[in-house]
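So you can see what is in the structure, the chains are spelled out below.
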Amino acid sequence: MFVDSIELKLSSGKGGQGCSSFRREKFVNKGGPDGGDGGRGGDVWFIVDKNTDTLSHFKGKTILKAQNGRPGMPRKCTGKTGEALHIKVPPGTQVIDKLTGEVLLDLTEDGQKVRFLKGGIGGLGNVHFKSSTNQRPTYSQPGKPGEEKEVRLELKLIADVGLVGFPNVGKSTLISKISNAHPEVANYEFTTITPKLGVVPIDEYRAFVMADIPGIIEGASDGKGLGIEFLKHIERTKTLLYMIDAANYRDVVEQFEALHNELQNYSQALAERPFAVALTRIDAITPEEANEKMGALMDTLGCSANDGLAKFGADEAYLGSYNESETNPRFVMPISSVTGTNIKPLIFALADVMNK
């Protein structure tokens, strides 16, 4: 089960009670106080672990607490420190204050370890209160309480390339063909209902991570369909790949403009991210129709056909545009995941964009 938002009440451990005791040994007269200090309460730590990719392991848990410190003991022995609470989260997790909405932590690096709540200090034993005027103190301190915080954990996936498109345009088919991801692929809308990550190999030594999110519909930025619930998962991507369906009843230019408007409404910064355009499912139409639709797309995006695709080994039977500068769109390319047309050039083109 994929879970990307969870609410928790976190508490660090309470400090242990100080000990009130007196030394009692044969041949030792008036041994005096020897009560030890209480142990410190356990801390609460967040640890980023790339081997996790969901918050589902917190499902059904609402309260997590570190262990309390143990009480002090006679002979000036300090109580045992409470066991710390280590919370493992996937990269891209934000810790948000449930009451104020403030982002308290943004955990992005694998292996990152952050102390979130400090455990309470243990109380002092009665040995600390001995003085010339009070040689038999019976008083010891209670431990300090731990810290509490109600938080919401939000997961925003971290990827190099994010796929953006309407439902059933071939996003899942593409990521299943070129990566190690195995999403459900079927001929109906919203087969993808949870985000998927896949590692795409470029060559023997290089690879990048691609994110597939559920299809966007018009009004997604206002919460329609799966809405902003999953748009947040492409906020951290370096490059966006718009997937435009060549065989759809909707005009290809209309598809692109609708998708771009939804991203703009959700986040202007996201809409300005480097992006490329892939015209998908060209196997379902003739090369002449594909070239006609490619021409319409390139005219709208202000780019012209060039031989840029040929240097990646593309099929020159189709129009294509590759931009050497750092302006959008980085490239426009017709592809077919079913027949494999231009799939390898697409991978190299995306790698080239990310290296700029």
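Within each chain, residue numbers correspond to sequence positions counted from 1 in written order. In keeping with the predicted nature of the model, local features appear solely for residues at pLDDT of at least 70, side-chain atom pairs appear and are counted solely at 80 or more, and the whole-chain, interface and lining totals rest on all residues. Each side-chain value is derived from all of the structure's non-hydrogen atoms; neither hydrogens nor water enter the calculation.

> Sorry if this is basic, but what is going on with the overall build of the protein here?
Each helix is a run of H or I in the DSSP string that is no shorter than four residues. Each strand is a run of E no shorter than two, and both are numbered from the N terminus. The helix and strand inventory of the protein stands at 6 helices and 15 strands. Evaluated residue by residue, the protein yields a buried proportion of 50% over its 356 residues. When checking whether two residues touch, look at their non-hydrogen atoms; a contact exists if any pair is within 4.5 Å. Across the protein, contacts joining residues at least 24 apart in sequence account for 71% of those joining residues at least 6 apart. Accessible areas in this description were obtained via Shrake-Rupley with a 1.4 Å probe; residue shielding takes into account the shown protein chains only. By element, 48% of the accessible surface of the protein is carried by carbon and sulfur atoms, the whole surface being about 17400 Å². Accessibility here uses a 1.4 Å probe with only protein chains present; expressed as a share of the type maximum, an area under 20% marks a residue as buried, one over 50% as exposed, and anything in between as partly exposed.

> Would you mind showing me how to read the packing of aromatic side chains here?
A ring pair, where both rings are aromatic, is described by two values, the distance of the centres and the angle of the planes. Each Phe, Tyr or Trp ring, with Trp reduced to its six-membered ring, pairs with another whose centre is within 6.5 Å; inter-plane angles below 30 degrees give stacked pairs, above 60 give edge-to-face pairs, and intermediate values give tilted ones. Scanning all chains against the criterion turns up 6 aromatic pairs. An angle of 55° between the planes, with centres 4.9 Å apart, marks the rings of Y242 and F256 as tilted. Taken together, the residues span a long stretch of sequence, with Y242 in strand β12 (residues 239-245) and F256 in helix α3 (residues 252-266) at a distance of 14 residues. Classification of Y242 as buried rests on a relative accessible area of 0%. Their ring planes at 75° and their centres at 5.1 Å tell us that Y242 and F275 sit as a pair that is edge-to-face. One end of the pair, Y242, is in strand β12; the other, F275, is in strand β13 (residues 275-280), with 33 residues separating them in the sequence. The pair Y242 / F275 is uniform in exposure class, with both members buried. Through a chain of ring-to-ring contacts, the aromatic side chains of Y242, F256 and F275 assemble into a single cluster. Only when the NZ of Lys or the CZ of Arg is both within 6 Å of the ring centre and within 35 degrees of the ring normal is a charge said to sit over the ring. The lysine or arginine in question, R136, covers the ring of F22, its NZ or CZ lying 4.7 Å from the ring centre. The ring of F166 carries R250 above its face, with NZ or CZ at 4.6 Å from the centroid.

> Please explain the sheet that holds strand β2 (residues 44-48) as it appears in this structure.
The strands that make up a sheet are held in pairs by hydrogen bonds between backbone atoms, and each pair lies either parallel or antiparallel. One open sheet accounts for 3 strands, arranged β4-β2-β7; its pairing is mixed. Strand pairing shows two members of the sheet lacking a second neighbour, β4 (85-89) and β7 (113-117), which therefore form its edges. Going from strand to strand, the sheet's axes swing by 30° on average, the running direction of each strand aside. The pairing criterion is simple: DSSP has to find at least two bridges between the two strands. When β2 meets β4, the two strands line up parallel, connected through 5 bridges. If you follow V48 over to β4, its bridge partner there is V89. Here the axes come from fitting lines to C-alpha atoms, over the contacting stretch only for helices, and the angles between their N-to-C directions go from 0 to 180 degrees.

> Sorry, what's going on with helix α6 (residues 343-355) here?
Side chains that are three or four residues apart share a direction in an α-helix, a result of its 3.6 residues per turn. For α6, with 13 residues, the first-to-last C-alpha span of 19 Å sits near the 18 Å given by 1.5 Å per residue. For α6, the set of buried residues is I343, P345, L346, I347, A349, L350, A351 and V353. A helix is expected to span 1.5 Å for every residue after the first.

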